[in-house]
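# Residue-level structure breakdown
The lines below spell out each chain.
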Amino acid sequence: MIKEKNIVRWLLSGVPLLFLLLFFIAPSLIIVFTSFRFPGEFGGLAPLIAPMGTVDVEHGLTLEAYQFFFSDTLYVRVFIKSLQVAVVTTLICLIMSYPLALLIARSKERLRNIMLLLVVLPFASNFLIRIYAWVIILDPESVLSYFINLILNLVGISPVIFLFSPFAVLLGMVYVHLPFMILPLYINLEKHDPILLDAAQDLGASHWKCFWYITWPLSISGVSSGIVLVFISALGMFAVPDILGGTGDILIGNLIKDQFISTRDWPFGAVLSIMLALTILLIIGLGAYFLRRLRKRNYAT
Amino acid sequence: MRHSHSKLWIAGALVYIFLYIPLAIVVIYSFNDSKLNTEWVGFTLSWYEALFNNKEMLIAVCNSLIIAISSSFGATILGTMAGLAIHRYKLRVLSILFFAPIAMPEILLGVSLLLFFLQVLNLTLGMVSIIIAHTTFCIGFVAIIVKSRLQDMDESIFESARDLGASSWQCFHLVTLPLIMPAMIAGALMSFTLSIDDFIITFFTKGVGDPILPIQIYTMIKVAVTPEVNAISTLLMLLTLFTIIIGIKLSSSFLYVRKNNEST
């Protein structure tokens, strides 16, 4: 009996564990290893050990790719820009999602499910199509561009092209990530006890005070999981700038993609990927640290 | 309270409009009798016709369906095992490992799998590599759903089954399995939609030979934008809508059976 239990235990945890060790942990280690290699002459990687009979072929391990990253401020600048875009995207998503999540959480139960479904539905349509839709809307010859430029013309401002601009990238980023924010916020807000608000109102608190002293502090955990989801995804995004951005709107994701698809400089691509992972870990770590301090202070008062 | 509620309704309605206008425009222009997506000329079904005569696109759809079905099958089995293991043995390492692929930006998963397939496994990229990659990131989603379902259940059901003399296998396939079935179906459907929808990981793990739907759409958007893209988008929306409706129907019918059993 004990033996059978043990077998079940090993089988249940072992099989998926093995799969992920092979296809998740090993690849992650490979990427670290790759970052210390030399790039191959025709893309890919240079051999680890020099082939027989050749002398001056680059081989072995090196820090060259890391040096290259820091040798030009271009890459650091792209990282900073990507961080800015990710932060602004996250903030806009938060501001847009909060009222909707609150509305759904405070609606009647039957209505609630339909409203949630309406949030998830566009999310279930193809990812690329959600980005592409904005190409149609922002096209210089689209109805929207026409009207906006008509108004701008009346005020005396020269016509604006929205497509392939930072504005288009931001719009696409917000659109693609919105449900990631709405859902965790809703899950949190739905649990709030309405009695708290009733009590506060009976005691004469205004709507704003009720929100600021009750709803908002209680929703911090939902807010932070929404922020984490949107921020991580936004920081690595390359499809949105690829489709909606101009040549100057490159983000980290596009840099990484280019190293693996067109330039084929794998070691440098690996360095960029590691930098992205480190940035995310650093920021999430800092966020968690400040959140914990905030909580402690709140308990103290 | 009323006053603030109406303000919330306005804000909420605006977000809904923001969510739906782009999709509505894609659908509307898929019926537009013009090569340009700028103004309405007249109604036509010719883009759908062109789509059904586009052999490569049809192969791409088939390939993507094969990938989605195989990877959701694999992810459901592995993810269910993972969910059961996390719930029963409460190992932190397990849950961190199972959920890490979800928390990671997709591009990192794609790139690391690309390097792994080419360098270590010497695998020619193609359908197999995409199926493995999709399975990897879907496992966590299935595991979360199965685990939360198990958490909501009363442990005493299993104890009483065992007290009544059920072997651990009987206990599993007569008690546990039927109870977690809705979660498994939900997980499978979620994996299916995630796989069909996924562009980023597919982009890195795809081969040269077989056309895959998201890659096909990507080249259409990047290279030659024709309203055919709108037509395929509209059809895809219908497909996901259909999957979601099946999901709701299936899970509610399961709940219905359970409620009936509880009441008798």
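Please refer to the structure placed before this passage.
Report follows, based on the coordinates. Small disclaimer: the values here were computed from a predicted structure and weren't measured.

Definitions and cut-offs
Residues numbered from 1 in each chain as written. Chains lettered and ligands numbered in written order. Predicted model: local features only at pLDDT ≥ 70, side-chain atom pairs only at ≥ 80, totals over all residues. Heavy atoms only, no water. Contact = heavy atoms within 4.5 Å. Buried area = accessible area lost by both parts, 1.4 Å probe. Salt bridge = Lys/Arg side-chain N within 4 Å of Asp/Glu carboxyl O. Polar contact = N/O pair within 3.5 Å; in protein donor to acceptor, adjacent residues only side chain to side chain. Nonpolar A, V, L, I, M, F, W, Y, C, P; charged D, E, K, R; others polar. Buried < 20%, exposed > 50% of the residue type's maximum accessible area, 1.4 Å probe, protein only. Helix = DSSP H or I, 4+ residues; strand = E, 2+ residues; numbered from the N terminus. Patch = residues over 30% accessible without salt bridge, like charges linked within 9 Å, V, L, I, M, F, W, Y side chains within 5 Å. Areas by Shrake-Rupley, 256 points an atom, 1.4 Å probe, with all protein chains shown as cover. Phe/Tyr/Trp six-rings, centres within 6.5 Å; stacked < 30°, edge-to-face > 60°. Lys NZ or Arg CZ within 6 Å of the ring centre and 35° of its normal. Expected span 1.5 Å × (residues − 1). Bend = angle between axes of the 7 residues up to and from the residue.

### Digging into the interface of chain B and chain A
Across the contact, 76 residues belong to chain B and 78 residues belong to chain A. In total, chain B and chain A occlude about 7,100 Å² of area from one another, counting both sides; carbon and sulfur atoms represent 81% of this. The tally of links from chain B across to chain A stands at two salt bridges. On the surface where chain B and chain A come into contact, there are eight residue pairs in polar contact (both at pLDDT 80 or more). Here the residues of the side of chain B that touches chain A are counted per class, giving 59 nonpolar, 14 polar and three charged.

### Describing helix 12 (residues 252–261) of chain A
Quick reminder: α-helices carry 3.6 residues per turn. Residues three or four places apart thus point the same way. The element helix 12 of chain A is extensively covered by neighbouring structure, given that eight of its 10 residues are classed as buried. Every buried residue of helix 12 of chain A is accounted for by A:Ile252, A:Gly253, A:Asn254, A:Leu255, A:Ile256, A:Lys257, A:Gln259 and A:Phe260.

### Some thoughts on a nonpolar patch on the surface
On the surface, A:Val143, A:Tyr146, A:Phe147, A:Leu150, A:Ile151, A:Leu154, A:Val155 and A:Ile157 cluster together into a nonpolar patch covering about 860 Å² of accessible area. Positionally, A:Tyr146 belongs in helix 6 (residues 143–155).

### So, the pattern of salt bridges
All names here are of chain A. Under the definition given, this model contains four salt bridges over all chains. Here arginine 112 ties to glutamate 190 by a salt bridge, and the two come within 3.3 Å at their closest N and O atoms. Here the residue arginine 112 occupies a position in helix 4 (residues 109–124), and glutamate 190 occupies one in the loop between helix 7 (166–189) and helix 8 (194–202), the gap between them amounting to 78 residues. Its relative accessible area of 15% is what places arginine 112 among the buried residues. Residue classification places glutamate 190 among the partly exposed positions, given a relative accessible area of 35%. Across the pair aspartate 242 and lysine 257 runs a salt bridge whose closest N-O atoms are separated by 3.4 Å.

### Considering the packing of aromatic side chains
Counted by the stated rule, this structure contains 30 aromatic pairs over all chains. Between the aromatic rings of A:Phe23 and B:Phe117, the centroid separation amounts to 6.4 Å while the plane-to-plane angle is 50°, which identifies the pairing as tilted. Placement of the pair is A:Phe23 in helix 1 (residues 2–34) and B:Phe117 in helix 5 (residues 106–120), with the two residues belonging to separate chains. By relative accessible area, which is 8% here, A:Phe23 ends up buried. Judged by centre distance (4.8 Å) and plane angle (35°), the ring pair of B:Phe199 and B:Tyr218 falls under tilted. You can see B:Phe199 sitting in the loop between helix 8 (168–197) and helix 9 (200–205) and its partner B:Tyr218 sitting in helix 10 (residues 213–222), a full 19 residues away along the chain. The exposure class of B:Phe199 is buried, given its relative accessible area of 1%. Assessed through its relative accessible area of 9%, B:Tyr218 is described here as buried. Ring pairing ties together the aromatic residues A:Phe68, A:Phe69, A:Phe70, A:Tyr75, A:Phe79 and A:Phe268, which thus form one cluster. When the ring centre of B:Phe203 is taken as origin, the NZ or CZ atom of B:Lys206, which lies over that ring, is 4.6 Å away.

### Examining helix 7 of chain A
All names here are of chain A. When the terminal C-alpha atoms of helix 7 are compared, their 33 Å separation across 24 residues agrees well with the 34 Å that a helix rising 1.5 Å per residue should span. Where helix 7 bends most, the angle comes to about 45°, and this point is histidine 177, followed within four residues by the proline proline 179. Burial runs high along helix 7: 18 of the 24 residues are buried.

### Some words on the side chain of B:Glu228
All names here are of chain B. Along the polypeptide, glutamate 228 turns up in helix 11 (residues 228–263). For glutamate 228, a relative accessible area of 13% puts it in the buried group. Those residues within four positions of glutamate 228 in sequence are excluded, and the remaining contacts are Trp47, Ala50, Leu51, Asn54 and Met220.

Interpretation note: all reported values are geometric properties and have no functional meaning in isolation.
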